[in-house]
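# Structure assessment
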Amino acid sequence: MLSARPERRYARVSRCVSFSASHRLHSKFLSDEENLKLFGKCNNPNGHGHNYKVVVTVHGEIHPVTGMVVNLTELKDIMEEAIMKPLDHKNLDQDVPYFADVVSTTENVAVYIWENLQKILPVGVLYKVKVHETDKNIVVYKGELSAFGD
């Protein structure tokens, strides 16, 4: 039997950006010796840099008229505001207030990006933030507060 309304279709859409930034892995809660032991060369007092790649994935219903989950031009502008402006060509620890008391690990960079995107995107649209610090080090964050249901 044919339905008068087509079935609802859902999809995930991803967009990538790249930015360059420097940082130093250093925790104020550890001694200099503990930081050096934990973070090694990444604890260099002068910092070090990365060319980060960020993949933002949104999800939702495919609009029956536009055929889109999200307007990619709007997503591009949102990513510019939430990622590129605050992070590109910055020293994360010195130029981004969020990292004044938070260690600038890739995990925390992913959380920072998630929180910035959440402020701009409609509620429930953001699905995943994936941050490539290097070709071998990648973090995925989906907004989880606890993996154990706490």
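Remember, it's a predicted structure, so these values are computed and weren't measured experimentally.

### Comments concerning helix H2 (residues 72–87)
Every α-helix carries 3.6 residues per turn, so stepping three or four residues along brings you back to the same face. Between the first and last C-alpha of H2 there are 21 Å, a value that for 16 residues agrees with the 22 Å anticipated at 1.5 Å per step. Most pronounced at Glu80, the bend in H2 amounts to some 40°. Looking at H2, one finds that the buried residues are Leu75, Ile78, Met79, Ala82, Ile83, Met84, Pro86 and Leu87. Contact partners of the buried residues in H2: strand E1 (10–23), strand E2 (48–61), strand E3 (90–91), helix H3 (92–95) and helix H4 (106–120).

### Some points on the sheet that holds E1
If you trace the 5 strands from one edge of the open sheet to the other, you get E3-E1-E2-E4-E5, paired in mixed fashion. The outermost strands of the open sheet, each flanked by one partner alone, are E3 and strand E5 (138–141). Sheet analysis places E1 next to E3, joined by 2 bridges and oriented parallel. From the neighbouring strand, Ala21 faces E3, where its bridge partner is Lys90. Lying over the sheet, H2 contacts E1, E2 and E3, oriented at roughly 25° with respect to E1. Packed on one face of the sheet, H4 meets E1, E2, strand E4 (126–132) and E5 and runs near 145° to E4.

### Looking at the pattern of salt bridges
This model, assessed by the stated rule, comprises 3 salt bridges. The residue Arg8 makes a salt bridge to Glu61 at a minimum N-O spacing of 3.0 Å. On the criterion of sequence distance, the pair formed by Arg8 in the segment before E1 and Glu61 in strand E2 is long-range, its members being 53 residues apart. Classification of Arg8 by relative accessible area gives partly exposed; the value is 48%. Glu61 sits in the partly exposed class, given a relative accessible area of 30%.

### Section: the pairing of E4
Among the 7 residues of E4, 5 are classified as buried, and the element is accordingly described as predominantly covered. With 6 bridges connecting them, E2 and E4 associate as antiparallel partners. The residue of E4 that forms the bridge with Val54 is Val131. Sheet topology places E4 next to E5; 4 bridges connect them, and they run antiparallel. Each bridged residue has a counterpart across the sheet, and for Val131 the counterpart in E5 is Val139. Between E4 and E5, which follow one another and run antiparallel, lie 5 residues.

What counts and what doesn't
Residues numbered from 1 in each chain as written. Predicted model: local features only at pLDDT ≥ 70, side-chain atom pairs only at ≥ 80, totals over all residues. Heavy atoms only, no water. Helix = DSSP H or I, 4+ residues; strand = E, 2+ residues; numbered from the N terminus. Expected span 1.5 Å × (residues − 1). Bend = angle between axes of the 7 residues up to and from the residue. Buried < 20%, exposed > 50% of the residue type's maximum accessible area, 1.4 Å probe, protein only. Contact = heavy atoms within 4.5 Å. Pairing = 2+ DSSP bridges. Axes fitted to C-alpha atoms, helices over the stretch in contact; angles between N-to-C directions. Salt bridge = Lys/Arg side-chain N within 4 Å of Asp/Glu carboxyl O.

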